[in-house]
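Report on the structure
So you can see what is in the structure, the chains are spelled out below.
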Amino acid sequence: MNLRAKISAVAHYVPDKILSNFDLEKMVDTSDEWIRSRTGISERRILEDGKATSDMGAEAVKRLCEQRGISPKEIDLIIVGTVTPDMFFPSTGNLIQEKVGAKNAWSYDVAAACSGFLYALASGAQYITSGMHKKVVVVGGDKMSSIVNYQDRNTCVLFGDAAAAVLLEPDEEYGIMDFILHSDGSGAEYLRMKAGGSLYPASLETVTQDWHFLYQDGKQVFKFAVTKMAEVSVKILEKNGFHGDDLALFVPHQANLRIIDAAVKRLGIDYEKVMININKYGNTTAATIPLALSEAYQQGKLEKGDLVLFATFGGGFTWGSSLLRWGMDKP
Ligand code: ACO
């Protein structure tokens, strides 16, 4: 029988500090009503100064190991999806490895914006199905508050900080069945952080021009996201001979409730089968899918044997979906 990569544990970490829509009303020209009606977001979490993506990721990985009852020393590999690494190098994976004491693991980062978790999950799954590794940790984490301009109402209302992680182990019955993944570099100009890399290294000019902040052309991103996330969700079901009715849970990337709604409509599934927590956390970029999955698991929304669909969309452009047979008992 073919080996599958099964999610055998899932955990998350969110900072305590809440930034509400009402707090943002005092910072930029916006309103709670505008933010909720256009995005579905009420509040988001903000990590304190002096802490970074690796601190949130390490906490999520510690919780993951506790849940599974394993020592971090048993982890073979840590892959981190993030666009807010602590620094360019060493990788955030290396920093998490040290913080949790995963002495026997190797580690690296994957940069695919909001699709970072799904890309990293696809990579991690290959090491399991090939038989190379027995325990792979995949983390999605971002400290978006470190690259968001809190004077720009177009973006500062959208994002929040979080990290979440899954453990992948081999299984003959349950686990990931398929992935569909895409990139389209022609979308690069619509969602990016222009400076700080080799093209525009940090300088007085890059700082004064605000090029170290995330830039987004919301309308262009919205247009692409709303069609592509729905399309890739339907396509993976068709490819595997399933219908929307067969799904027990849909876990979409949480960027905007209206983008999620479009995918839900195309799938033709009941709203109770959709995991939504964007209202509490905003868009946490690479963390949204594992964070939503972790909360769904904690809330007892997942039964062993359930068919689960992930779908994502992000800067790059990047997008994709994954289909899996849930293999964990209820907590
Ligand atoms: N408060 C009040 N008004 C605002 C705000 C705000 N926070 N932000 C923008 N506006 C204004 C705009 O300036 C504009 O005013 P104008 O018409 O006078 O110019 C007006 O509201 C309408 O702007 P739109 O862009 O048409 O608003 P829209 O309904 O499209 O919503 C949003 C904007 C929420 C950003 C939407 O376009 C969106 O969700 N885009 C996709 C974002 C996304 O999915 N990103 C995913 C990837 S993220 C990643 O990979 C890191």
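Here the residue numbering is sequential within each chain, running from 1 through the sequence in written order. Only residues with pLDDT of at least 70 get local features here, since the model is predicted, and only at 80 or more are side-chain atom pairs given and counted; chain-wide, interface and lining totals rely on the full set of residues. Heavy atoms throughout the structure, all of them, feed into the side-chain values; hydrogens and water do not.

This is how the line gets drawn: UniProt positions are given in the numbering used here, feature names are shortened, and annotations may be inferred rather than shown by experiment.
As recorded by an unreviewed UniProt entry, the chain carries the name Beta-ketoacyl-[acyl-carrier-protein] synthase III and is attributed to Caldithrix abyssi. According to the UniProt record, the Subunit (unreviewed entry) comment for the chain is "Homodimer." Per its UniProt entry, the chain bears the Catalytic activity (unreviewed entry) comment "malonyl-[ACP] + acetyl-CoA + H(+) = 3-oxobutanoyl-[ACP] + CO2 + CoA".

**Looking at the overall build of the chain**
Formally: Numbering goes from the N terminus for both helices and strands, where a helix is a DSSP run of H or I of at least four residues and a strand is a run of E of at least two. Every radius of gyration here is taken over C-alpha atoms, with the globule rule written as 2.2 Å times N^0.38, N being the number of residues. Exposure categories follow from relative accessible area, calculated using a 1.4 Å probe and restricted to protein chains: below 20% of the type maximum is buried, above 50% is exposed, and the middle band is partly exposed. Shrake-Rupley sampling with a 1.4 Å probe provides the accessible areas, and residues are treated as covered by the protein chains on show and by no other component. His is not counted here, nor are the chain ends, while Lys and Arg score as positive and Asp and Glu score as negative. A charged residue contributes its charge at one atom only: NZ of Lys, CZ of Arg, CG of Asp or CD of Glu.
What the chain contains, in helices and strands, is 11 helices and 13 strands. Taking 331 residues into account, the globule formula puts the C-alpha radius of gyration at 20 Å, and the chain, at 19 Å, falls close to it. With the C-alpha coordinates aligned to their principal axes, the bounding extent of the chain is approximately 60 × 45 × 35 Å. Going through the 331 residues of the chain one by one, you find that 56% of them count as buried. Summed over all atoms, the accessible surface of the chain reaches about 14100 Å², with 48% contributed by carbon and sulfur. Taking the average location of the 35 positive side-chain charges in the chain and that of its 41 negative ones, the two points are 1 Å from each other.

**Quick notes on the domain arrangement of the chain**
Keep this limit in mind: Start and end positions for the domains come from either an automated domain assignment or a database one. The contact rule is simple, with two residues in contact once any of their heavy atoms fall within 4.5 Å. Any Lys or Arg side-chain nitrogen found within 4 Å of a carboxyl oxygen on Asp or Glu counts as a salt bridge.
Per the domain assignment, the segments of the chain are domain 1 (4-173) and domain 2 (178-325). Between domain 1 and domain 2, the C-alpha centre-to-centre distance is 14 Å. Between domain 1 and domain 2, the contact holds 48 residues from the first and 46 residues from the second. Applying the counting criterion to the domain 1 and domain 2 interface returns zero salt bridges. Element by element, the count of residues in the side of domain 1 that touches domain 2 is highest for helix α5 (residues 116-129), at seven residues.

**Some thoughts on the pattern of salt bridges**
Following the criterion strictly, the structure yields 13 salt bridges and no others. Across the pair K228 and E231 runs a salt bridge whose closest N-O atoms are separated by 3.6 Å. Placement of the pair is K228 and E231 together in helix α8 (residues 218-239), with a separation of three residues, close to one helical turn. A residue is classified by how much of its surface remains accessible, and E231, at 36% relative accessible area, is partly exposed. For K280, the salt bridge is made with E295, and the minimal N-O distance between the two is 3.2 Å. Placement of K280 in helix α10 (residues 278-281) and of E295 in helix α11 (residues 288-298) is noted, with a sequence separation of 15 residues between them. Through salt bridges with shared partners, a single ionic network connects R68, K135 and E169.

**Here's the deal with the UniProt feature "domain: Beta-ketoacyl-[acyl-carrier-protein] synthase III N-terminal" (unreviewed entry) in the chain**
Listed under "domain: Beta-ketoacyl-[acyl-carrier-protein] synthase III N-terminal" (unreviewed entry) in the UniProt record, and renumbered for this structure, are residues 108-185. A distance of 22 Å separates the end C-alpha atoms of residues 108-185, which is 23% helix and 40% strand.

**Details of the sheet that holds strand β11 (residues 249-252)**
Consider a sheet: its strands pair through backbone hydrogen bonds, and that pairing is either parallel or antiparallel. Stated precisely, the cut-off is as follows: One bridge is not enough; two strands pair if DSSP finds at least two bridges between them. Helix axes use the C-alpha atoms of the stretch in contact, all axes being lines fitted to C-alpha atoms, and the angles between their N-to-C directions lie in the range 0 to 180 degrees.
If you walk across this open sheet you meet the four strands as β8-β13-β12-β11, and the pairing is mixed. A strand with exactly one partner marks an edge of an open sheet, and here the two such strands are β8 (175-183) and β11. Within this sheet the neighbouring strands show an average axis-to-axis angle of 10°, counted without direction. The pairing of β11 with strand β12 (residues 307-314) spans four bridges and is classified as parallel. Residue pairing across strands places P252 opposite A311, the latter belonging to β12. Strands in contact with α5 are β8, β12 and β13 (318-325); relative to β8, the strand with the most contacts, it is inclined by about 130°.

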